[in-house]
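What follows is the residue order along each chain.
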Amino acid sequence: MDIIEQQAGTPQAPDASEKQRVPVERAKFRALVLSNPNYFGNVAASPFPPVVNIALNTTYEEIGCVGFQPQFNRLDAVVYVNQPSGYGGGVCSAGTREYVRFYLSGDNGATWQDAGLTSFSAYDIPAGTVGARRLEYAVTLQVYPSKRLCFIHNIYLVRAILSWNVPPPPNAPNFTPVWGDVHNTHIAIDPLRVIFIDELLKQAQAKLPAPLAQVIDPAQALALAEPKQLDAAALQALYKGMDVEPHRYALAELQQLISEPALTDELMASGFTGVLQQLGINLGELADVLYPVDGSTRYEELECIGLNPNQDALVGVIRVKLPNGYSGGPCTAGSREYVAFWGDFDGNGSFETYLGTTSVTVHDFNPLPREGLEYSVFLPVKLDQYRRPCQRGAVVVRIRAIMSWQVAPPPTNPNYVPVWGNREQTLIHIRPGRVISGHPPVIETVGSMAVTDINGAGYANGPAQLAGFTAKQSPFGGEVIITGHLANPADISAGATPLRYRVIVNDGSGDQVLNNPFAIARTQLLDGVWSFLPSITQAVDAANYYTYREDLSGALGNAEIFVAGNVLARWQTAGKIGTWTIRIEVRDAADVLYTGNTVTVRLDNAAPQIPAGSFKITTGGGSCADFVVGDIIEGTYQVTDEHFGALSFAVLPPSGGVFTAPVPLPRTYPTVPTSGESGLWRLDTTGMPKCGYVIRLSASDRTIVNSGYVGYGNEAFVGLCLKAPG
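Now for a quick tour of the structure.

Conventions adopted
- Residues numbered from 1 in each chain as written.
- Predicted model: local features only at pLDDT ≥ 70, side-chain atom pairs only at ≥ 80, totals over all residues.
- Heavy atoms only, no water.
- Helix = DSSP H or I, 4+ residues; strand = E, 2+ residues; numbered from the N terminus.
- Buried < 20%, exposed > 50% of the residue type's maximum accessible area, 1.4 Å probe, protein only.
- Contact = heavy atoms within 4.5 Å.
- Areas by Shrake-Rupley, 256 points an atom, 1.4 Å probe, with all protein chains shown as cover.
- Pairing = 2+ DSSP bridges.
- Axes fitted to C-alpha atoms, helices over the stretch in contact; angles between N-to-C directions.
- 1 Å grid on protein atoms, 1.4 Å probe; cavity = no way out; pocket = protein on both sides within 12 Å on 5 of 7 lines; lining within 4 Å.
- Points joined across faces, edges and corners; volume = space filled by probe spheres on them.
- Nonpolar A, V, L, I, M, F, W, Y, C, P; charged D, E, K, R; others polar.
- Disulfide = S-S within 2.5 Å.
- Salt bridge = Lys/Arg side-chain N within 4 Å of Asp/Glu carboxyl O.

**Quick notes on the overall build of the chain**
For the chain, the count of helices and strands is 11 helices and 43 strands. When each of the 726 residues of the chain is scored for burial, the buried share is 50%. Across the chain, the fraction of contacts at a sequence separation of at least 24, relative to all contacts at a separation of at least 6, is 71%. Looking at the chain as shown, the accessible area adds up to about 31,300 Å², and 54% of this sits on carbon and sulfur atoms.

In structure tokens:
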């Protein structure tokens, strides 16, 4: 069977022979690294000698694909989990983390931007995954590369670094993991759809005439024209001499003739001449290719599929291989790569459960990187009904995906053969849980952190799920975004009464119901096509209940209304401190009350404090005095904070000089005390040019600010004048 569920009372754990197959370098990995950070010889310029050389070992996990959904600014990676054991324990344990850090380069690898870190948990799942039956997971990160006008080539190089059990360090694009993988690929960025007048002038290298400059606001936004959909005649002219087949550029018209009886009848009418005949396309010669035995992957190929367990979303990665044949460049509407998903939940091999169809828009790009471009698609899926308690073992399901260019696979045919496209199958692991009846709420993330990564004291640790930061015993502050879902939502598209919910916070002094209005972005998935709907404002009713908007229960896998990100509340915490709890109450159409999980968070909305006069120069004439090149300048500093994070010193303008102190600088938590610190600093000015300088002390805390980054910050400055000797 493809759904693997061990019976209660049969613990899921590797047997003795499986445990023996896990080498000591894997089984005791963290202990070995703690004993010697360069134990495996993968750290460049380390003072510690290696004991054994292991690097980029993909025996247990590897990156299958990395792709980009440009319409959603969504970067996805599919990770293969190759072995039945070696992941720290079964599904009732914490397992171990598989970390992926992404980097972006707009200059083909000359420089890199750290886009952030994400992760998922892997487990020992021996039943049914031995040998080639690997499990495939997906991770996702929102990234925002710079957009450009449609006629400007805009392709980025992406690097994904997979590292088991230890996150890849930030700003280290050349890091080599011990157990893991490195994957490079190219992605295409969607063009600007809105542009500001000043940016337009900059791109055109032009200026407004003086009279117009006096009456036009350069910061005014301009909506660009909707991209044009090219028909077969326009595409035939565009692709003349480019070896693009007629049944490629005219596929939409051909499918329309085949599928619509009224048009087929016209073919037999006396004197009929349609657009295809006018273009010199012989329908008879194309009959065989329109009913293929196997799809063609000449232009594109679905290479990986996996499940993002953090979002309950299926992901597919498509490689676009050729520069032309996608119905036009970025200034046109382009074409769609459709991917339909089916599940074999009863294990009979028929894939009778249709899960839905999604798509991504692609374009011609010439020149094209040698290995092509990689795109991703995603499909939110409802899996609550298939979850099982962890004591009953892992639930593993076979998934089939069919990619078809320009023509969506029929929902009723999991054996469909596309003209242009292919089919992939894999195994996914559905995270444990209980089958949920009714409509209890589930809080999934708070401040972009998974609730499983927030400890009982309210502090977050690990990589964020909805942003690119990493938390270390971090409290929360600013706007705390709460996401999740209500079980078994009403089918709003069929006219059902939507569920209502309210969000309650409590600091020990009593319940406070959140009632602030907030905007939510909406997307719609209809017949495999994503579209963005106008944002709406969530506002409470007289009883302080919000209306639940998510609807994934539309017919044939359509998400009639899908609220992007499943945002349930935006809690404005400015001025609030201490320990708080968050819970949600739900009422259905019959006014039945449902409750769910409660999450504890610690709030800190105060930036680090640098007491007046505490950062100063204590040698010579003190702060703002004159010194001579070669002098050793000394001073003091003091920083306090409830959740101190980091401090550093810098000389402005940067002109050399060496900072020393009783401890190395810069310093970060846990090297610095959580409450802050005070001490001495020392600057050796040997070799610095004579000039006026400012010394900057920068301090930050560990607070997750506005659910998007870590660290409220503060700065202090002292000045000095450095003169030549004599």
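**Some thoughts on the sheet that holds strand β6 (residues 155-164)**
The 4 strands are arranged β4-β3-β6-β7 in an open sheet whose pairing can be described as antiparallel. In this open sheet, the two strands that pair with only one neighbour each are β4 (113-122) and β7 (180-188). Each strand of the sheet is rotated relative to its neighbour by a mean of 20 degrees, with strand direction disregarded. As defined by bridge partners, strand β3 (residues 96-105) adjoins β4 across 9 bridges and the pair is classed as antiparallel. Note on β4: the bridge partner recorded for Val100 is Thr118.

**Overview of empty space enclosed by the protein**
Across all of its chains, the model carries 3 cavities of 30 Å³ or more by this definition. Size it by volume and the largest cavity reaches roughly 60 Å³. Its residues assigned to classes, the lining of the largest cavity shows 6 nonpolar, 4 polar and 2 charged.

**A short note on the state of the cysteines**
Scanning the model with the defined rule gives 3 disulfides in all. Covalently, Cys92 is tied to Cys390 through a disulfide, its sulfur atoms 2.1 Å apart. Between Cys92 and Cys390 the disulfide shows an S-S torsion of about 105 degrees. By sign, it is right-handed. Here the residue Cys92 occupies a position in the loop between β2 (74-81) and β3, and Cys390 occupies one in the loop between β14 (373-380) and β15 (395-405), the gap between them amounting to 298 residues. Each disulfide in the chain links cysteines that, numbered along the sequence, combine into the pattern 1-4, 2-6, 3-5. Here Cys721 stays free of any disulfide, with the sulfur of Cys691 as its closest cysteine sulfur at 7.9 Å. When its relative accessible area of 27% is taken as the criterion, Cys721 is described as partly exposed.

**Some points on the pattern of salt bridges**
Under the criterion given, the structure shown has 25 salt bridges. A cluster of three or more residues bridged by salt bridges with shared partners is formed by Asp312, Asp384, Arg387 and Arg431.

**Considerations on the sheet that holds strand β34 (residues 626-628)**
Spatially, β34-β43-β40-β36-β38 is the arrangement adopted by the 5 strands of the open sheet, whose pairing is mixed. The sheet is open, and its two edges are formed by β34 and β38 (667-668), each paired on a single side. Bridge count for strand β36 (residues 644-652) against strand β40 (residues 691-701) is 8 bridges, and the pairing is antiparallel. Residue Ser648 lies in a different strand from β40, and its bridge partner there is Ser698.

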